[in-house]
Amino acid sequence: RGVTLLNFLFIAGGGVVQYLSGQIIQRANQSGLDPETLYSRLFMIYGLLMFLVSFIYAFSREKPDPA
């Protein structure tokens, strides 16, 4: 059950990222940006998210404290 839950969360997370990136592209496209600028901004957002997640992971503990 636990592995199935994790699979569901990862697949759902991928779906959410696709939806949000589509919204970003639609809004930027409405503002009249050229495709190069539009996608460079999208990949900048992806890069910043990866940096943020990596930063959080770098300071996480390896094992939880015993209770």
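Look up a bit, the structure's there.
Predicted model, so just to flag it, every value in this text is computed and none were measured. (Residues numbered from 1 in each chain as written. Predicted model: local features only at pLDDT ≥ 70, side-chain atom pairs only at ≥ 80, totals over all residues. Heavy atoms only, no water.)

(A) Inspection of the overall build of the protein chain at higher detail. Across its full length, the protein chain carries two helices and zero strands. Relative to the 2.2 N^0.38 estimate, which gives 11 Å for 67 residues, the radius of gyration of the protein chain is 17 Å and therefore markedly larger than a compact globule would have. With respect to the principal axes defined by its C-alpha atoms, the protein chain has extents near 55 × 30 × 15 Å. Within the span of the protein chain, comprising 67 residues, buried residues form 7% of the whole. On the protein chain, roughly 6,300 Å² of surface is accessible, and the fraction owed to carbon and sulfur atoms is 68%. (Helix = DSSP H or I, 4+ residues; strand = E, 2+ residues; numbered from the N terminus. Rg over C-alpha atoms; globule rule 2.2 N^0.38 Å. Buried < 20%, exposed > 50% of the residue type's maximum accessible area, 1.4 Å probe, protein only. Areas by Shrake-Rupley, 256 points an atom, 1.4 Å probe, with all protein chains shown as cover.)

(B) Summary view of helix α1 (residues 2-30). The first and last C-alpha atoms of α1 sit 42 Å apart over 29 residues, in line with the 42 Å expected at 1.5 Å per residue. Those residues of α1 not exposed but buried are Ser-21, Ile-25 and Ala-28. Packing partners of the buried residues in α1 comprise α2 (35-58). Just past α1, the residue Gly-32 takes up positive phi, approximately 90°. (Expected span 1.5 Å × (residues − 1). Contact = heavy atoms within 4.5 Å.)

(C) Seen up close, the packing of aromatic side chains. Going through the model one piece at a time under the given rule, you end up with three aromatic pairs. In this structure an aromatic cluster arises from ring pairing among Phe-51, Phe-55 and Phe-59. (Phe/Tyr/Trp six-rings, centres within 6.5 Å; stacked < 30°, edge-to-face > 60°.)

(D) Expanded view of α2. With 24 residues, α2 extends 34 Å from end C-alpha to end C-alpha; this agrees with the ideal 34 Å at 1.5 Å per step. Within α2, only two of the 24 residues are buried, which leaves the element largely exposed.

(E) Looking closely at the environment of Met-44. Here Met-44 is to be found in helix α2. Counting along the chain gives 39 residues from Met-44 to Leu-5, while the straight-line C-alpha distance between them is 30 Å.

(F) Structural detail: the environment of Val-3. Tracing the chain through its elements places Val-3 in helix α1. Residues Val-3 and Gln-30, 27 residues apart in the sequence, show an inter-C-alpha distance of 41 Å.

(G) A nonpolar patch on the surface, seen in detail. Together, Ile-24, Ile-45, Leu-49, Phe-51, Leu-52, Phe-55, Ile-56 and Phe-59 give the surface a local cluster of nonpolar side chains, amounting to about 820 Å² of exposed area. If one sorts the elements of the nonpolar patch by residue count, α2 sits on top with six residues. Looking at Ile-45, the relative accessible area reads 33%, which means it is partly exposed. (Patch = residues over 30% accessible without salt bridge, like charges linked within 9 Å, V, L, I, M, F, W, Y side chains within 5 Å. Salt bridge = Lys/Arg side-chain N within 4 Å of Asp/Glu carboxyl O.)

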